[in-house]
Amino acid sequence: ADLGVAFDGGADRAIFATRQGTILDGDYILYACGLHLHRCGGLKGPCVVGTLMTNLGLEMALARHGIALKRTPVGDKYVLEEILRSDLNLGGEPSGHLIFSDISLAGDGLITLLQVLRLLNDTGESLEDLVAGLQQYPQIIRNVRVRKKVPLDSIPQVEAAVAECRREFGEKGRVVVRYSGTEKLARV
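Since the model is a prediction, treat every value here as computed from it, not as a measurement.

Caption draft 1: Fine view of the side chain of Arg187. Considering the arrangement of structural elements, one finds Arg187 in strand S10 (residues 185-187). Looking at Arg187, its side chain comes within polar contact range of the side chain of Asn143, at 2.7 Å. Leave out the neighbours within four places in its chain, and Arg187 touches Arg142, Asn143, Val176, Val177, Arg178 and Ser180.

Caption draft 2: Spotlight on the nonpolar core. With 30 residues, the main nonpolar core has Phe16 and Val48 as its most contacted residues. In terms of residue count, helix H1 (residues 26-39) provides more of this core than any other element does, seven residues in total. Discounting chain neighbours no more than four positions away, the residues touching Phe16 are Leu3, Gly4, Val5, Thr22, Ile23, Leu24, Ile29, Thr112, Leu113, Val116 and Leu127.

Caption draft 3: View of the sheet that holds S10. Here we have three strands laid out as an open sheet, ordered S8-S10-S9, and antiparallel in their pairing. Strand pairing shows two members of the sheet lacking a second neighbour, strand S8 (143-145) and strand S9 (178-179), which therefore form its edges.

Caption draft 4: Inspection of helix H2 (residues 56-63) at higher detail. Along H2, the residues classified as buried are Leu56, Gly57, Leu58, Ala61 and Leu62. Here the buried face of H2 lies against H1, strand S4 (47-51) and strand S5 (68-72). Where H2 starts, the residue carrying a side-chain oxygen 2.7 Å from the main-chain nitrogen of Gly57 turns out to be Asn55.

Caption draft 5: Representation of the sheet that holds strand S1 (residues 3-7) in the model. One open sheet holds the three strands; their spatial order is S1-S2-S3, and the pairing between them is antiparallel. Every interior strand has two partners, whereas the edge strands, S1 and strand S3 (23-24), have only one. Sheet topology places strand S2 (residues 14-18) next to S3; two bridges connect them, and they run antiparallel. Within the sheet, the bridge partner assigned to Phe16 lies in S3 and is Leu24. Most of the contacts of helix H4 (residues 109-123) go to S1, to which it runs at about 165°, and overall it touches S1 and S2.

Caption draft 6: Fine view of the pairing of S5. Bridging between S4 and S5 involves five bridges; their strand directions are parallel. Its bridge partner lying in S5, Cys47 is registered against Ala68.

Caption draft 7: Structural view of unusual backbone geometry. A cis amide bond links Gly45 with the next residue in sequence, Pro46, at an omega value of -15°. With respect to the helices and strands, Pro46 occurs in the loop between H1 and S4. A positive phi angle, near 60°, is found at Ala11, a position not held by glycine. Along the chain, Ala11 falls in the loop between S1 and S2. Of note, the phi angle at Asp87 is positive, near 55°, even though the residue is not glycine. Topologically, Asp87 is positioned in the loop between helix H3 (76-85) and strand S6 (90-92).

Quick notes on the rules
- The numbering scheme is per chain: residues are counted from 1 as the chain's sequence reads.
- The model is predicted, so local features are restricted to residues of pLDDT at least 70 and side-chain atom pairs to those at 80 or more, both for listing and for counting; the totals for chains, interfaces and linings are taken over all residues.
- Remark: hydrogens and water are excluded; side-chain values derive from all non-hydrogen atoms of the structure.
- Secondary structure elements are defined from DSSP: runs of H or I of at least 4 residues count as helices, runs of E of at least 2 residues count as strands, and each element is numbered from the N terminus.
- What qualifies as a polar contact is a pair of N or O atoms within 3.5 Å, subject to a donor-acceptor requirement within protein and to the restriction that residues adjacent in sequence count only when both atoms come from side chains.
- Contacts are assigned to residue pairs that have any heavy atoms within 4.5 Å of one another.
- By nonpolar core we mean a set of buried residues, namely Ala, Val, Leu, Ile, Met, Phe, Trp, Tyr and Cys, connected to one another through side-chain atoms within 4.5 Å.
- Only protein chains enter the accessibility calculation, which uses a 1.4 Å probe; a residue is then buried when its area is under 20% of its type maximum, exposed when over 50%, and partly exposed in between.
- Criterion used throughout: strands pair if DSSP finds at least two bridges between them.
- Lines fitted to C-alpha atoms define the axes, with helix axes restricted to the stretch in contact, and inter-axis angles between N-to-C directions lie between 0 and 180 degrees.

Shape descriptors only; they carry no functional weight alone.
If you want it as structure tokens, here you go:
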């Protein structure tokens, strides 16, 4: 097979597998589709919308091609809001929830699959080749149970730890601390 695709239960997210079985999340698909649209003159901005959880590797890979990345809070509704606010046409999340606003304002895994198939047809390249320019950075997420979701910037120890990590990483890494929107967790 040239590729494999898996959808979530609502089919609004799509995750892909290459011929060799490598799993490609939404960041890889944003890279391949964004780069192709840019080369064809169809990427507005030129900019792609991602979230706080979008891998730093995607941001750097897009920048090498003159494409900016705008980050939003986690959630497809925030991605869509930024697409509309900034008059852009491509955005999504690592979860595989992508929005091709020239086609639909809803994230739809079937549309994502069709766009990837169109990309393969238009370029004649394999999915592996189309994502070869993206090297994702290691990314670790830790969940910390909380009793209450007090503003993180009101906790001096958290602010100090985040500031120290940012100094240590410089431009070569990111630290994000946020509350889960659905659970009593802080995600680090």
